[in-house]
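A look at the structure
The lines below spell out each chain.
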Amino acid sequence: MMGAVPLLSAVTEEKSQRIAEVMLGSVKPFHFMLGKIIGGVSVSLTAATVYITGGILALRYMELDHHVPYHLLPWFLAYTVMAIFMFGSMMAALGSSCNDASEVQAMSLPAMMPAIFPFFVQMPVVMNPQSTFATGLSLFPLFTPMLMLIRQGTPGGVPTWQPWLGLALVSLTTLLFIWAGGRIFRTAILMQGTPPKLQNLVRWALREQR
């Protein structure tokens, strides 16, 4: 939410103020988009480091650090980076297709739904982490970064193959989103007056670039 979602409004603002046109005189559109996503990764990892370090130090002070699931920290890092690249490329692509703040406002909720949906189902997942419902949702790439970690943190954990399968599916989806987002971005970032319609986004992602 901190690293990826702000790209939607940030890219649109740079497009509307013609800042993107100046930047594209020095870098390629894909590199421009990738740089913004990497910035989002840096912001999120910095914030996560502060929160995690502070939480561990506080628990150690209270002699409760034995409750910290240290074995999940590498998974948290991997899923966080993949999630920001996945959602960040989507947000950057959508931001490049918007022309002003009103279009960004209209796109915000639909764009954020894949990221916030896991919040609505986390309690059923925690209550029954081994259920078909929980397993299926945690293996859906858009929900895996949050729900798989929740399931891994429950007593008993999850079968060893599930986190690895989830990470593989998220990685493939991330590559697909970066590829499609890059194609949309380089077409839409310099286009003015065209509303962000789904059919336009699909056409820009699939058509051959000249």
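We now turn to the structure provided with this report. Keep in mind that what you see is a predicted model, and the values were worked out from it rather than measured.

Cut-offs used in this document
- Residues numbered from 1 in each chain as written.
- Predicted model: local features only at pLDDT ≥ 70, side-chain atom pairs only at ≥ 80, totals over all residues.
- Heavy atoms only, no water.
- Helix = DSSP H or I, 4+ residues; strand = E, 2+ residues; numbered from the N terminus.
- Buried < 20%, exposed > 50% of the residue type's maximum accessible area, 1.4 Å probe, protein only.
- Contact = heavy atoms within 4.5 Å.
- Areas by Shrake-Rupley, 256 points an atom, 1.4 Å probe, with all protein chains shown as cover.
- Lys, Arg positive; Asp, Glu negative; His and termini not counted.
- Charge placed at Lys NZ, Arg CZ, Asp CG, Glu CD.
- Axes fitted to C-alpha atoms, helices over the stretch in contact; angles between N-to-C directions.
- Parallel < 35°, antiparallel > 145°, perpendicular 65-115°, else oblique.
- Left-handed = near helix turned anticlockwise from the far one by under 90°.

Topic: the overall build of the chain
Along its length, the chain carries nine helices and zero strands. Listing every helix and strand of the chain by position from the N terminus yields α-α-α-α-α-α-α-α-α. Split into buried and exposed, the 210 residues of the chain put 46% on the buried side. Taking the intrachain contacts of the chain between residues at least 6 apart in sequence as the baseline, contacts between residues at least 24 apart amount to 73%. Surface accessibility of the chain: about 11,300 Å² in total, with carbon and sulfur atoms responsible for 70%. The centroid of the 12 positive side-chain charges in the chain is displaced by 13 Å from the centroid of its 8 negative side-chain charges.

Observations regarding the packing of helix 4 (residues 73-97) against helix 5 (residues 101-127)
Where helix 4 meets helix 5, the closest approach of the two axes is 11 Å, and the angle between their N-to-C directions is 165°. Taken together, the axes of helix 4 and helix 5 lie roughly antiparallel to each other. Our pair here, helix 4 against helix 5, has a crossing hand that is right-handed. Of the residues in helix 5, those touching helix 4 at Phe87, Met90, Met91, Leu94 and Ser97 are Glu103, Met107, Ala111, Met112, Pro114 and Ala115.

Overview of the environment of Asn200
Among the structural elements, Asn200 can be located in helix 9 (residues 198-206). The buried category is assigned to Asn200, whose relative accessible area is 10%. Taking the C-alpha atoms as reference points, Asn200 and Met127, separated by 73 residues in sequence, lie 42 Å from one another. When neighbours within four sequence positions are excluded, Asn200 is seen to be in contact with Thr194 and Pro195.

Here's the deal with the side chain of Ser138
Tracing the sequence through the fold places Ser138 in helix 6 (residues 132-138). By relative accessible area, Ser138 is classed as buried at 0%.

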